There are 2 protein chains.
Amino acid sequence: MAVVKPSISKGTRDFTPQEMIRRNYIFNTIRSVFEKYAYLPIETPSMENLSTLMGKYGEEGDRLIFKILNSGDFTKDADMSLPPNQLAAKICEKGLRYDLTVPFARFVVMHQNDLTFPFKRYQMQPVWRADRPQKGRYREFYQCDVDVIGSNSLLYEAELMKITDEVFNKLGVNVTIHINNRKILMGVAALAGAEEKMVDICTAIDKLDKIGKENVIAELRERGLTDAAIDKLLPIFDIQGDNDHVLQTLRSLFADIPVGMQGVEELEQVLDFAKMYAVDADIRLEILLARGLNYYTGAIFEVRANDVQIGSISGGGRYDDLTGVFGLKNMSGVGISYGAERIYDVMQELDLFPPEIAAPVKAIILNFGEKEVEYAMPLLVKMRAVGIASEIYPDKVKIGKQMNYANAKAIPYVIMAGEEEMTKGVFTVKNMTTGEQRACEIDEVLEILRG
Amino acid sequence: MAVVKPSISKGTRDFTPQEMIRRNYIFNTIRSVFEKYAYLPIETPSMENLSTLMGKYGEEGDRLIFKILNSGDFTKDADMSLPPNQLAAKICEKGLRYDLTVPFARFVVMHQNDLTFPFKRYQMQPVWRADRPQKGRYREFYQCDVDVIGSNSLLYEAELMKITDEVFNKLGVNVTIHINNRKILMGVAALAGAEEKMVDICTAIDKLDKIGKENVIAELRERGLTDAAIDKLLPIFDIQGDNDHVLQTLRSLFADIPVGMQGVEELEQVLDFAKMYAVDADIRLEILLARGLNYYTGAIFEVRANDVQIGSISGGGRYDDLTGVFGLKNMSGVGISYGAERIYDVMQELDLFPPEIAAPVKAIILNFGEKEVEYAMPLLVKMRAVGIASEIYPDKVKIGKQMNYANAKAIPYVIMAGEEEMTKGVFTVKNMTTGEQRACEIDEVLEILRG
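Residues numbered from 1 in each chain as written. Chains lettered and ligands numbered in written order. Predicted model: local features only at pLDDT ≥ 70, side-chain atom pairs only at ≥ 80, totals over all residues. Heavy atoms only, no water.

Even after reading the chapter, I still don't get unusual backbone geometry, so can you show me in this structure?
The general pattern is negative phi for most residues beyond glycine and trans for most peptide bonds. For the bond running from A:Phe117 to A:Pro118, omega is -5°, close enough to zero to count as cis. Along the chain, the position of A:Pro118 falls in the loop between α5 (101-110) and β5 (119-128). Although it is not a glycine, A:Ala410 sits at a positive phi angle of roughly 55°. Tracing the chain through its elements places A:Ala410 in the loop between α15 (399-408) and β14 (413-416). Non-glycine residue B:Asp351 carries a positive phi angle of around 60°. For B:Asp351, the location among the structural elements is in the loop between α13 (340-349) and β12 (363-365). B:Asp351 gets classed as exposed once you look at its relative accessible area, which sits at 65%. (Helix = DSSP H or I, 4+ residues; strand = E, 2+ residues; numbered from the N terminus. Buried < 20%, exposed > 50% of the residue type's maximum accessible area, 1.4 Å probe, protein only.)

Okay, here's the thing in structure tokens:
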């Protein structure tokens, strides 16, 4: 075979053991919380039919879906002179999962007769996007989604905030949970008598802190709002204070706007439930938060780390018609998605990974030769039998080399058994952190390692 | 959006919570054993450059690699009139991982300066093959590989057998570990003076039990062996008995065949080490076992379940030059791969999944209305705080419907709190298995659920 220079595909990554251990720490923490809150795991295939994926993520999204070439003679029945976009649809029938939401919707519709609703599921799998790779943006990355579908109960909004609270608490990341409701945004637009300009209005007012009142007003004018409409919006500019105060102000502003009032009531209810759930993290009502406005129909969540500038580290909301596009109506759902790479970066920057996970192997027996190996094997077998991750160095090489191996793997205990130990029926255990070492019988070795 | 009939890509599968829980039970068991034996996790990307993948799996393998269409204008610079095979190479530069071995080799070469050898790694990820789907054969399936690279020590052969022993012991699957060594096969061929016909000879003699001595001899003749050569092979036909006896017989047959003798000595050493490792499972020397003959250079393993006819459920061996194709010479490795779907099928057929994993959620609080929910919330918070997986039904609907939900999720304890309980400050806990129910204070509820 010809020798090939090894290379890795652009925008993808290998994970070394050190990275894997940290990533698994994040995944396991998230998973354990999800399961404690009675969410169950599902998985969907990496490849979906393009008919499932296309048209769900906008034009840009369609472009970013990795398409898989049909097997065999893919040119058969395809007019190879078509322009690339159209040709791709002829020679590819499958694509790689772009997110976990659309496959989940497909799953729910296809398995609807076997599922019990409300269906509480979580899903932690990679997704792929043909984005131009850049710092912190990869073509393959993991999403951790938790959703409940088939219930309108606002208890779930609160439960998801509590889950978020607990996940980040366990990971040691201080967060603020920002919350809003699409109905508030609709109310704001209705206030100006310009429902159709909801997105324009939110985008402009959201810049208040950055560009100031006068510039926001100018932008609203540019975006086609009349002065009369803008006047009606001015009270929104001044809303400040804690959640209760904001809700009170909105109540009076929305006195004649039913959709806005409904938003206020939903938020009040969710905040009440969150109190019952004893959510620790700061919950901040942010009445212009418009994340995922295209699909969220009720609550909107965004979670930000307090101690590092990195944008949101998770987000979600309620969507009233996730499965409609696959023919199943009236399935309201609410969910939150956690981005593993963002959380990893935050924890790395704040040095939050617990030191003990860095030493997955607890002990190594050095190799002093055939007889010594034979003498030490029963200890090795026993260590593993009682659950101590451990190993024996495979060859009789210089002790320095064996010690280097132990250090590179950050193994905290080195066990030595040469002629002297064999005669006495003991093992010398060296604590690599303190440098202390002492001779022990087998039971004592196990005690030290378990301690 | 137009309504789409939901469909799943041919040869791929969704996993429901029930299946996921069983699959995770297998994965977690395997993972915990790997880690106890000091193997560390790595992951490689799903997509590899085709230059990494192509030519490594034979012609058939190349055909079965899923190729990913280049993004953007893939027709640019491609002569679209080329035949499909050649055109695919022009319009696709990436493919989906076909196994975990080649990506591992690439990983080792690219990270060689950051790794400490011997490098003990495990990897549990899906692989993809464009096979024609059929019962038990999927286009996406998981492999669980454990390998050590950078050492010739036969201790690792024994360690891998011990790992296999422990994995299947924990899973409750009785297995036999079949072992051979390529050097034995080479010795057999040398015995006949027909080294170049090694594969022919093994294939023919391997049918001895099925087709009988006369037919094997006829087949050997057909495959071009002379009568003199066949005469020399006859003693191989009669080798029977336990491992020690087989090795003794081979020793005398291979007296003048160094490669064969080396095979015998390696096997003896590996079996000795396996004894020191206290391997429980039957280890059976099978001198014609030729699995993976194309790449294995030393030990060859194959693991079969004793109580069900399903072929091998894991296998592996030693390969002396895994990384040579990527430019790194002299890296001997040995490894075993476990097929998750086969193991799943065996455990399903033998009903080996422990019943307790079927009830991941321990308790549900029924919903009798707003006030009752408020009363019950502190219990829910407390249950979760002490680690009990639990939930509350989100809506006040008929109790029958709520009970159906509890049953569908196999939740063993149902907790009720209506007006009477609220007055008395208690909760009624119903054991769904026995039907018993009784009124308890919060602490007692927790005690029952933890018990």
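That covers the picture; the talk isn't over yet.
In this structure, what is going on with the side chain of A:Asp165? I would like to understand it.
All names here are of chain A. For Asp165, the location among the structural elements is in helix α6 (residues 155-171). One buried charge, Asp165, has no salt-bridge partner; the nearest side chain with opposite charge is Lys162, at 4.2 Å. Sequence-distant contacts of Asp165, that is, excluding residues within four places in its chain, are made with Ile177, Ala278, Val279, Asp280 and Ala281. (Lys, Arg positive; Asp, Glu negative; His and termini not counted. Salt bridge = Lys/Arg side-chain N within 4 Å of Asp/Glu carboxyl O. Contact = heavy atoms within 4.5 Å.)

Before we go on, may I ask you to explain a negative patch on the surface in this structure?
On the surface, a cluster of negative charge is contributed by A:Asp242, A:Asp244, A:Asp272, B:Glu370 and B:Glu374. Looking at the element boundaries, A:Asp242 is found in the loop between α10 (227-237) and α11 (243-253). By relative accessible area, A:Asp242 is classed as partly exposed at 49%. (Patch = residues over 30% accessible without salt bridge, like charges linked within 9 Å, V, L, I, M, F, W, Y side chains within 5 Å. Areas by Shrake-Rupley, 256 points an atom, 1.4 Å probe, with all protein chains shown as cover. Charge placed at Lys NZ, Arg CZ, Asp CG, Glu CD.)

When you look at the interface of chain A and chain B in this model, what are you seeing that I'm missing?
Interfaces are often sized by the amount of accessible area the parts lose when they come together. In this assembly, 101 residues from chain A lie in contact with 100 residues from chain B. With both sides pooled, the region where chain A packs onto chain B buries about 8,600 Å², and carbon together with sulfur makes up 65% of that total. Inspection of the region where chain A meets chain B yields six salt bridges. Across the salt bridge formed by B:Arg384 and A:Glu159, the nearest N and O atoms sit 2.8 Å from each other. (Buried area = accessible area lost by both parts, 1.4 Å probe.)

Whenever I open this one, the relation of the copies chain A and chain B confuses me. Can you help?
There are two copies of the chain, and a rotation about an axis plus a shift along that axis relates them. For the pair chain A and chain B, the best superposition has an RMSD of 0.0 Å and corresponds to a rotation of 180° with a translation of 0.0 Å parallel to the axis. Such a combination of rotation and displacement between the chain copies is what one expects of a two-fold axis. For chain A, the residue whose C-alpha comes nearest the rotation axis is A:Ile68, separated from it by 2.2 Å. When the interface residues of chain A are mapped onto chain B, 99% of them again fall at the interface, so both copies present the same face. (Least-squares fit on C-alpha atoms with pLDDT ≥ 70 in both.)

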